[in-house]
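What follows is the residue order along each chain.
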Amino acid sequence: MSEGGVSHPATTEIPISSNGEPRQMGHDKALEQDLQQVMDAGPDLSESSAVSDGYEGNLKGVLQQSGFVKGTPLTSPSPTGAIVAPSQTAASRLATQASGGPPHLPGAQVVETTQNNSAIATEDGGRGVALEKLELVKKWSVNTYKCTKQVLSERFGRGSKTVDLQLEAQIEILRETQHKYENVLRLAHELTRHFSLVVQTQRTLGDTFADLSQKSPELQEEFGYNAETQRLLCKNGETLLSAINFFVSSVNTLVNKTMEDTLLTIKQYESARIEYDAYRTDLEEMSLAPRDAAMMAKIETAQQNFQVHKEKYEQLRANVSIKLKFLEENKVKVMHKQLLLFHNAVSAYFAGNQQQLEQTLKQFNINLKTPGTDKPSWLEEP
């Protein structure tokens, strides 16, 4: 044991400098003396109130793992060769880190407070959205229950139903008309499909007659007449197909767009009627119950709900009446034009009046597609 309290190991080791060469013993002895003086003059860390017992044990373990012998003072030579003693503030920070506590950083408390406020705001926002969705689900459930109850009551004859006789009759006529027009549209599609096959067959037959007229000199004139007739019929048939396709397109728009739009409004009107009757029945049942404070509050709420659904029902009923009126006018105008077109085109075709058939298409502004122009030739493609 040396005078300064530094114990030397039992084995002898050759000190090595940073460049790999043996260091001078005089330099080591001088360094030891300087370290001993600093240790005697420096503060006693074991008596400092800033260093805990746990930190002291952890610090000793770190020093031993770092290669320092037991009893080496907590000092380190500076780059200039001077000895710097650790301060109590630094020791306190090291003790806090060794004991598992967070380091003290400037502004850490402000950042933590900001993060907590952000987390609280996010949580409150999520809770508000969840409560709003829950309220919507609750309203939807109550409304669905009331409407289902109303529908079952009407079906079994126990509930009353609000009926507008004139409007209901117009709605029923519209549904029957749509069904009949759908049948006309289906038959027109079938006529177009079959007649297009006839025209295609006539075109093929005319080409065959023309080929035979070239290869059969004895029947060249007869095959030529028939080839010309089939080509004329094919041309007139394509003109008739254009007229029928225009008729089909117009009727399809009337049935599947105009009528369907009105029927969609009618479905909304019927749903509003069921809601109106459901809340009306609910209000009537509450009015028959004994009147107390709680019941009066419920009656007031039911009265408000009933008024809301009544306004919705009346508004949709007015919309349905207006749409039915405009639909009837539009239907008459469209079908008058399309039926006239269909009649004139079919009559002119089967009468063999090519001029009248072409005049009919011009009258209704229908462009006749020239055969073979639907798809360009591969030579014309870029």
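Since the structure is predicted, the reported quantities are computational estimates derived from the model, not experimental observations.

Counting its secondary structure elements, the protein contains eight helices and two strands. Mapped in sequence order, the helices and strands of the protein form the string α-α-β-β-α-α-α-α-α-α. Taking all 382 residues of the protein together, 25% fall into the buried category. Pairs at least 24 apart in sequence give 76% of the contacts found in the protein among residues at least 6 apart. Counting every atom, the protein has about 27000 Å² of accessible surface; 56% of that belongs to carbon and sulfur.

This paragraph deals with the packing of helix 5 (residues 165–215) against helix 6 (residues 220–287). At a minimum axis separation of 7 Å, helix 5 and helix 6 run at an interaxial angle of 160°. In terms of their interaxial angle, helix 5 and helix 6 are classed as roughly antiparallel. For the pair helix 5 and helix 6, the crossing hand works out as left-handed. Here the contact of helix 5 with helix 6 is composed, by residue class, of 30 nonpolar, 17 polar and eight charged.

In total, this model carries 13 salt bridges according to the counting rule given. Among the salt bridges present, the one from aspartate 282 reaches lysine 146, with a minimum N-O distance of 2.7 Å. Here lysine 146 lies in helix 4 (residues 108–155) and aspartate 282 lies in helix 6, a separation of 136 residues in the sequence. Taking the relative accessible area as the measure of exposure, lysine 146 reaches 18% and is therefore buried. Across the pair arginine 273 and glutamate 154 runs a salt bridge whose closest N-O atoms are separated by 2.6 Å. One end of the pair, arginine 273, is in helix 6; the other, glutamate 154, is in helix 4, with 119 residues separating them in the sequence. By relative accessible area, arginine 273 is classed as buried at 9%. Here the salt bridges do not stand alone but share partners, grouping Glu154, Arg273, Asp277, Arg280 and Glu284 into one network.

Right, let's talk about the environment of glutamate 275 for a bit. With respect to the helices and strands, the residue glutamate 275 is situated in helix 6. Residues glutamate 275 and phenylalanine 306 lie 31 residues apart in sequence; the distance between their C-alpha atoms is 8.8 Å. Setting aside residues no more than four positions away along its own chain, glutamate 275 makes contact with Asn143, Cys147, His309 and Lys312.

So, on to the side chain of aspartate 277. Inspection of the secondary structure assignment puts aspartate 277 in helix 6. Judged by relative accessible area, aspartate 277 falls into the buried class, the value being 0%. Leaving out residues up to four positions away in the same chain, aspartate 277 has contacts with Gln150, Glu154, Ser160, Lys161 and Thr162.

Time to look at helix 8 (residues 354–363). Inspection of helix 8 places Leu357, Thr360 and Leu361 among the buried residues, and these make up the whole buried set. The arc that holds every buried residue of helix 8, seen down its axis, measures 95°, which confines them to one face. Exposed and oriented more than 90 degrees from the buried face of helix 8 are Gln355 and Lys362. Of the surrounding elements, those touching the buried residues of helix 8 are helix 6 and helix 7 (293–350).

Moving on, we get to the nonpolar core. Within the largest apolar cluster, 45 residues are counted, with the highest numbers of intra-cluster contacts made by Ile171, Leu174, Ile266, Tyr269, Val320 and Leu324. The set of elements that each furnish at least two residues to this core consists of helix 5, helix 6, helix 7 and helix 8. The element best represented in this core is helix 6, accounting for 19 residues. With residues up to four places along the chain from it excluded, the contact list for isoleucine 171 reads Ile266, Tyr269, Val320 and Leu324.

Confidence in the prediction of the protein, expressed as mean pLDDT, is 75, and 64% of residues score 70 or more. Element-level pLDDT for the protein is lowest in strand 1 (residues 76–77), with a mean of 42, against a maximum mean of 94 in helix 5. The low-confidence segment residues 1–27, where pLDDT is below 50, has 18 contacts with residues more than four positions distant or belonging to other chains. In the predicted structure, residues 370–382 sits below a pLDDT of 50 and forms four contacts with residues beyond four places in sequence or in another chain.

Along the chain, lysine 180 falls in helix 5. The class for lysine 180 is exposed, based on a relative accessible area of 56%. Taking the C-alpha atoms as reference, lysine 180 lies 9.8 Å from valine 255; in sequence the two are 75 residues apart.

Moving on, we come to the packing of helix 5 against helix 7. Two numbers describe how helix 5 lies on helix 7: the axes approach to 12 Å, and their chain directions differ by 25°. Viewed along their axes, helix 5 and helix 7 adopt a mutual orientation that is roughly parallel. The chirality of how helix 5 crosses helix 7 is left-handed. Facing Leu167, Gln170, Ile171, Leu174, Thr177, Tyr181, Leu191, Phe195 and Gln202 of helix 5, the residues of helix 7 in contact are Arg317, Val320, Ser321, Leu324, Leu327, Lys331, Met335, Phe342 and Tyr349. Residue composition of the contact of helix 5 with helix 7, by class: 12 nonpolar, four polar and two charged.

Once that is clear, we can look at the environment of glutamine 268. Tracing the chain through its elements places glutamine 268 in helix 6. On a C-alpha basis, the gap between glutamine 268 and arginine 317 in space is 9.4 Å, while along the polypeptide they are 49 residues apart.

Cut-offs applied
- Residues numbered from 1 in each chain as written.
- Predicted model: local features only at pLDDT ≥ 70, side-chain atom pairs only at ≥ 80, totals over all residues.
- Heavy atoms only, no water.
- Helix = DSSP H or I, 4+ residues; strand = E, 2+ residues; numbered from the N terminus.
- Buried < 20%, exposed > 50% of the residue type's maximum accessible area, 1.4 Å probe, protein only.
- Contact = heavy atoms within 4.5 Å.
- Areas by Shrake-Rupley, 256 points an atom, 1.4 Å probe, with all protein chains shown as cover.
- Axes fitted to C-alpha atoms, helices over the stretch in contact; angles between N-to-C directions.
- Parallel < 35°, antiparallel > 145°, perpendicular 65-115°, else oblique.
- Left-handed = near helix turned anticlockwise from the far one by under 90°.
- Nonpolar A, V, L, I, M, F, W, Y, C, P; charged D, E, K, R; others polar.
- Salt bridge = Lys/Arg side-chain N within 4 Å of Asp/Glu carboxyl O.
- Arc of directions from axis to C-beta.
- Core = buried A, V, L, I, M, F, W, Y, C linked by side-chain atoms within 4.5 Å.
- pLDDT = per-residue confidence, 0-100.

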